[in-house]
Amino acid sequence: MNEKYLYPLMAVIALFLVAYVGVEAVGLQWLFGIIIPFMALITFVVGFVMRVNDWARSPVPFAIPTTCGQQESLPWIKPNKIDNPFTTGGVIIRMALEILLFRSLFRNTTCKLNEGPTISYVWEKWLWLFSLAFHYSFLTVLVRHLRFFLEPVPSSLQILDKLDGFLQIGLPGVMISGVVLLAAAMFLLLRRIVISQVRYFSLAADFFPLFLIIAIAVSGIMMRYFTKVDIVGVKELTMGMVTFHPHIPDGIGAIFYVHVFFVSVLLAYFPFSKLMHLGGVFLSPTRNVRCNTRAHRHINPWNPKVKVHTYAEYEDDFREKMIGAGLPVEKEL
Amino acid sequence: MADLKPDELIARTNFTPPKTGWMDTPTVIREGMFCYAAKPKSVATLGLPYPREWNPLNDDWKLPENWKEIIIEGMKDRLERFRTFKIFMDICVRCGACADKCHFFIGTGDPKNMPVVRAELLRSIYRNEFTKAGKILGRIAGARELTLDVLKEWWYYFFQCSECRRCSVFCPYGIDTAEITMMGRELLNLLGLNIDWIATPVANCYMTGNHMGIQPQAFVDMLDFFADEIEDTTGVRVHPTYNKKGADILFTTPSGDVFGDPGTYTAMGYMILFHYLKERYGLDVTWSTFNSEGGNFGLFTSNEVMKRLNIKMYAEAKRLGVKWILGGECGHMWRAITQYMDTMNGPADFLEEPVNPITGTKFENAKSTKMVHIVEFTADLIKHNKLELDPSRNDNLKVTFHDSCNPARGMGMFDEPRYVIKNVCNNFYEMPRNCIREQTFCCGSGSGLNASEDMELRLSGGLPRANAVKYVQEKHGVNMLACICAIDRAVLPPLMGYWVPEVDVTGIHELVTNALIIPGEQEKTVNLRGEDIPNKDEMDPDEYYTRPDFSGR
Ligand code: HEM
Ligand code: SF4
Ligand code: SF4
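On a predicted model such as this, the values are computed, not experimentally measured, just so you know.

Close to ligand 1 lie 24 residues; His135, Arg192, His277 and Leu278 of chain A together with Tyr173 of chain B are nearest. Ligand 1 is flanked by residues contributed from chains A and B. Note that an oxygen atom of ligand 1 is positioned 3.5 Å from one of the side-chain N or O atoms of Arg191 of chain A. Note that an oxygen atom of ligand 1 is positioned 2.8 Å from one of the side-chain N or O atoms of Arg192 of chain A. Mapped onto the shell around ligand 1, the elements with two or more residues apiece are helix H3 (88-101), helix H5 (126-144), helix H7 (176-194), helix H9 (204-226) and helix H12 (277-283) of chain A.

Domain boundaries in chain A define domain 1 (3-302) and domain 2 (303-333). Each of domain 1 of chain A and domain 2 of chain A has a C-alpha centre, and these two points are 60 Å apart.

Before going further, it helps to spend a moment on the domain arrangement of chain B. All names here are of chain B. Domain boundaries assigned for chain B yield domain 1 (12-30 + 49-193), domain 2 (200-383) and domain 3 (391-546). Across the boundary between the two partners, domain 2 contributes 40 residues, which contact 40 residues of domain 3. The junction of domain 2 with domain 3 conceals about 3300 Å² of combined surface from both sides, 71% of it contributed by carbon and sulfur atoms. Along the contact surface separating domain 2 from domain 3 lie two salt bridges. For Arg489, the salt bridge goes to Asp257, with nearest N and O atoms at 2.6 Å. Summed over the shared surface of domain 2 and domain 3, the number is 11 residue pairs in polar contact (both at pLDDT 80 or more). Mapped onto the side of domain 2 that touches domain 3, the elements with two or more residues apiece are helix H12 (216-234), helix H14 (263-281), helix H16 (332-345) and helix H17 (374-383). The biggest single contributor to the side of domain 2 that touches domain 3 is H14, with 11 residues. Broken down by class, the residue content of the side of domain 2 that touches domain 3 amounts to 18 nonpolar, 13 polar and nine charged.

All told, the structure shown has 51 salt bridges over all chains when counted by the stated rule. Put simply, Asp206 of chain A and Lys274 of chain A hold a salt bridge, and the shortest N to O gap is 3.1 Å. Of the two residues, Asp206 of chain A is situated in helix H9 and Lys274 of chain A in the loop between helix H11 (254-269) and H12; the sequence distance between them amounts to 68 residues. Assigned by exposure class, Asp206 of chain A and Lys274 of chain A land together as buried. Asp77 of chain B is the partner of Arg78 of chain B in a salt bridge, and the nearest nitrogen-oxygen pair spans 3.7 Å. The exposure class assigned to Arg78 of chain B is buried, which follows from its relative accessible area of 6%.

Moving on, we get to the coordination of the iron atom of ligand 1. All names here are of chain A. The iron atom of ligand 1 binds to the protein through His135 (NE2) and His277 (NE2); the donor distances cover 1.9 to 2.1 Å. Note that the iron atom of ligand 1 binds six donor atoms; their angles at the metal cover 86 to 180°, and the shape is octahedral. One end of the pair, His135, is in helix H5; the other, His277, is in helix H12, with 142 residues separating them in the sequence. Note on His277: relative accessible area 14%, which makes it buried.

Attention shifts here to the side chain of Glu293 of chain B. Residues and elements named next belong to chain B. Along the polypeptide, Glu293 turns up in the loop between strand S3 (285-287) and helix H15 (303-320). The buried charged residue Glu293 lacks any salt bridge, with Lys312 as its nearest oppositely charged partner at 7.2 Å. Polar contacts involving the side chain of Glu293 include one to the main-chain amide nitrogen of Gly295, which spans 2.9 Å. Dropping the residues within four chain positions of it, Glu293 is found in contact with Cys205, Gly209, Asn210, His211, Thr252, Thr253, Pro254, Ser255 and Met313.

Another aspect to go through is the packing of aromatic side chains. In this description, an aromatic ring pair is defined by two values, namely the gap between the centres and the angle between the planes. What the rule picks out here adds up to 45 aromatic pairs over all chains. Ring centres 5.7 Å apart and planes at 50° place the aromatic pair Phe44 of chain A and Phe48 of chain A in the tilted group. Note that Phe44 of chain A and Phe48 of chain A are positioned in helix H2 (residues 29-57) at a spacing of four residues, about one turn of the helix. An aromatic cluster is defined as three or more aromatic residues linked by ring pairs; in this entry it consists of Phe34, Trp54, Trp61, Trp155 and Phe159 of chain B. Lying across the ring of Phe441 of chain B, Arg166 of chain B places its NZ or CZ 3.8 Å from the centre. Looking at Lys383 of chain B, its charged tip hangs above the ring of Trp76 of chain A, at a distance of 4.8 Å from the centre.

So, about H17 of chain B. Note: α-helices contain 3.6 residues per turn, so residues at a spacing of three or four share the same orientation. Residue and element names in this part refer to chain B. H17 sits mainly inside the fold: nine of its 10 residues count as buried. For H17, the full list of buried residues reads Ile374, Val375, Glu376, Phe377, Thr378, Ala379, Asp380, Leu381 and Ile382. Buried residues along H17 sit in contact with strand S2 (249-252), H14, strand S4 (324-327), strand S5 (371-373), helix H19 (415-424) and helix H23 (508-515).

Counting residues in each nonpolar core, the largest one holds 174 residues, and the members touching the most others are Trp154, Trp155, Met496 and Trp499 of chain B. It is H9 of chain A that provides the largest number of residues to this core, a total of 11 residues. Judged by nonpolar contacts, the second largest core, of 85 residues, contains Tyr311 of chain A together with Val322, Ile325 and Val512 of chain B.

Rules used in this analysis
- Residue numbers run consecutively from 1 along every chain, following the written order of its sequence.
- For this description, chains carry letters from A and ligands carry numbers from 1, given in the order in which they are written.
- Residue-level local features of this predicted model are given only where pLDDT is at least 70; pairs of side-chain atoms are given and counted only at 80 or more, and the full residue set underlies all totals for whole chains, interfaces and linings.
- By convention in this description, side-chain values take in all heavy atoms of the structure and omit both hydrogens and water.
- When we say a residue is near a molecule or strand, we mean one of its heavy atoms is within 4 Å of it.
- In protein, a polar contact means a hydrogen-donor-capable atom and an acceptor-capable atom, both N or O and within 3.5 Å, with residues adjacent in sequence counting only if both atoms are side-chain atoms; elsewhere, any N or O pair within 3.5 Å suffices.
- A run of H or I in DSSP counts as a helix once it spans at least four residues, and a run of E counts as a strand once it spans at least two, with each numbered from the N terminus.
- A domain assignment, automatic or from a database, supplies the domain bounds used here.
- By definition, residues are in contact when any of their heavy atoms lie within 4.5 Å.
- Buried area is calculated as the accessible area (1.4 Å probe) missing from two parts once they are joined, with the contributions of both summed.
- Think of a salt bridge as a Lys or Arg side-chain nitrogen and an Asp or Glu carboxyl oxygen that are within 4 Å of each other.
- Any residue outside Ala, Val, Leu, Ile, Met, Phe, Trp, Tyr, Cys, Pro, Asp, Glu, Lys and Arg is labelled polar, Gly included; the first ten of those are nonpolar and the last four are charged.
- The buried label applies to any residue whose accessible area, calculated with a 1.4 Å probe on protein chains only, is under 20% of its type's maximum; exposed applies above 50%, and partly exposed to all values in between.
- For Na, K and Ca the donor cutoff is 3.2 Å, while for all other metals N, O and S atoms must lie within 2.8 Å; water is not among the atoms, so some sites may look incomplete.
- Square planar and octahedral sites, with four and six donors, are those where opposite donors lie more than 155 degrees apart and all other angles lie between 65 and 115, tetrahedral sites have four donors with every angle between 85 and 135 degrees, and the rest are irregular.
- Only four residue types enter the charge count, namely Lys and Arg as positive and Asp and Glu as negative; His and the chain termini do not.
- In this analysis, rings of Phe, Tyr and Trp, with Trp reduced to its six-membered ring, are considered paired at centre separations within 6.5 Å, and the interplanar angle assigns stacked below 30 degrees, edge-to-face beyond 60, and tilted for intermediate values.
- As a reminder, the over-ring test applies to NZ of lysine and CZ of arginine, requiring each to be within 6 Å of the ring centre and within 35 degrees of the ring normal.
- Here the nonpolar core consists of buried residues drawn from Ala, Val, Leu, Ile, Met, Phe, Trp, Tyr and Cys, with membership extended through side-chain atoms lying within 4.5 Å.

And the structure:
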């Protein structure tokens, strides 16, 4: 075992024990069901806003988009309006494709060194595919949880539930998003452990959120399919939270508090971690500016005054030689 | 290096990383992989901090007492001034999409050359000094102390990145390791830790107007010498003008092309083209001895130094009263012009929005910088049939095109050079898709790493490029590698010589002027290089008419 994944794994197990023992043995339902989630949510919102604010405080002195397609140039040359966007509309499409479809990741290749020597590059779609599956199932799960916080449950959410549960296996019906989330997170985890290159630069901070999300998914799935949590009680608790009349109903199993505690930790951890890529991807200056830097001047708010060597000084240095070579000068000898 | 054969070099490359983590693997600075330290005189010329004699191989780098403070302060300052830096420090998820995209990683197998690890070298210190998680959790959060060994590691690996930006094409968040390297180099420069191959060209450029330190009279001599050569092969005498007030256009190109083969043939190409345009259309293009450098090694030093060198372009255009500026074939010069120049030294409101007076084409895309790329200019001339061309004069060549990193990923100039080549050559073949256009591979020597002492680094880093050339050589018999970058013209010949012998290197304007029918020329039997040009009459007519045609011609 490697400390990079041992520590995070132990941390998640410890979190489980804290919540489980706290609820089962000490009876801290209030703490784990209401106080910690509230504080975590506040930490998340405040931390997130502060982080983004902090980024936004630093200016973008130069427009340095990575141009990934033909520039806008002569009228008869077809520009690539998305990968080298000249207009704001193009930038919006570029960003939308990045954020919704992970377009850059889609380009991924793996490189192999063969006999010869020759090098070959093969399209590598798995990271893209599983990342996409991971993020969309995460999103679906998140949105579906809104049904705990809204009364009556909006019809759009009910439709989503239907779609998600279209396989109609068992009772309660299997939700695809949860299964996909778990599978994709497992893939991302195994990839980090198995591929030696990825393992090499992975940090404990890369394993921790994965273990935590897997733990969240597993505890959720446990509640839904195995321990069969008291849904009515849960809804009572969550509605109490959103209406600011917190209250702990009886009879909700400890596993629920464990699940909520994991989520709280994820929320509180979020603003201080790499998970902030959620906010950062929108602000990334190599993607979100127009590639029209020769047609429109980008302003640097701190454009420094610098010392320069002027033509006059240059001519002073070389005047005689310049005249000798027949070059025109501003001042004769 | 020369004593290591290609298969021996490759045999040492291994993509499986070592068992020990990178933080626990000490960096050993190895001969052949680094460039010599900046000479104090060059550092002092620009008044940059801590000029001194020092040697990377010595234990003592003669750092100032408070070097740590300087670095941390420098980081803080840059985090506040560059959103890129801050965001790129915070949001990498270490997905590894960039890891095997770097030619230096592919060529050396050194895991610290994976872009993500290169960035982590700096990020680990950022976490330690600027984040709560790093301060509390230390190593578990990926943080580490700034030590002398870390500083040396930075120096070694930030001068093993050619700032080519290939990694940033693949990163889901657009994290640009080139930008991180630029920040790293700015920090190192705060301690006088530049390499000489950058510092001395910068000092030369500052004082004499070009990287090579060519003085005005010598610059004129060299171009006169080229005029003699041109007269020998074409029978036409060209008359370049220098520092001419009231010319239509100021021309700026890297001095490397005035200095070394095969760039010199490209320089001759420019001279012939300008002569042609003068004779046929009365266009008046002038060269400048003060602004005799298009390249800008300041870009590899710090944004301030870049600005101090770049400022000459507009200053000279203003002094001479030209309408706009035409820029030659160069890579990083065009990164500086496209993404920095106008911001730093603009607005150039004393120049006109560029219009090609011969075709009437408005260069809308350059209406603020007022600077046009010569390949855009020539493509426009060809499109409007303003050049009389005989592409069969290049029939001895089977050409492929190397997209230089900066015009590719810092500009997006892909189709213009291909259009020009296809109109002046009959045999053009593309390298495989993953090795061209925005995915192009660096020559392995960009960003000031084109010295001779780091030849092993250059040949390793150039392997992916060479390998793709080899592919088209074997498949199509390609014998000429065209490019639009002066560093390429200087460094690709040894690279080809090592990995793909028998492939030569050329600039596009050499090809253009080989094909150009110059008014009053003698019957051409040799090209600018003095090589025989194929005689059309001797060619089998069947072959002549079945030559491949290209869309866009
Ligand atoms: C919508 C909000 C988002 C959330 C909540 C989110 C969350 C996550 C999480 C939890 C991980 C797993 C971290 C790990 O692997 O340790 C992750 C990884 C990743 N995310 Fe996101 N993300 C979001 C948006 C995005 C966007 C917009 C992109 C693409 C541009 C993206 C691309 C990735 C990639 C490539 C990984 C790497 C997978 C890996 O770790 O191997 N994410 N994200
Ligand atoms: S591709 Fe981007 S996010 Fe992924 S490891 Fe590289 S720099 Fe980090
Ligand atoms: S910019 Fe180029 S050389 Fe530098 S890390 Fe990225 S791929 Fe490698």
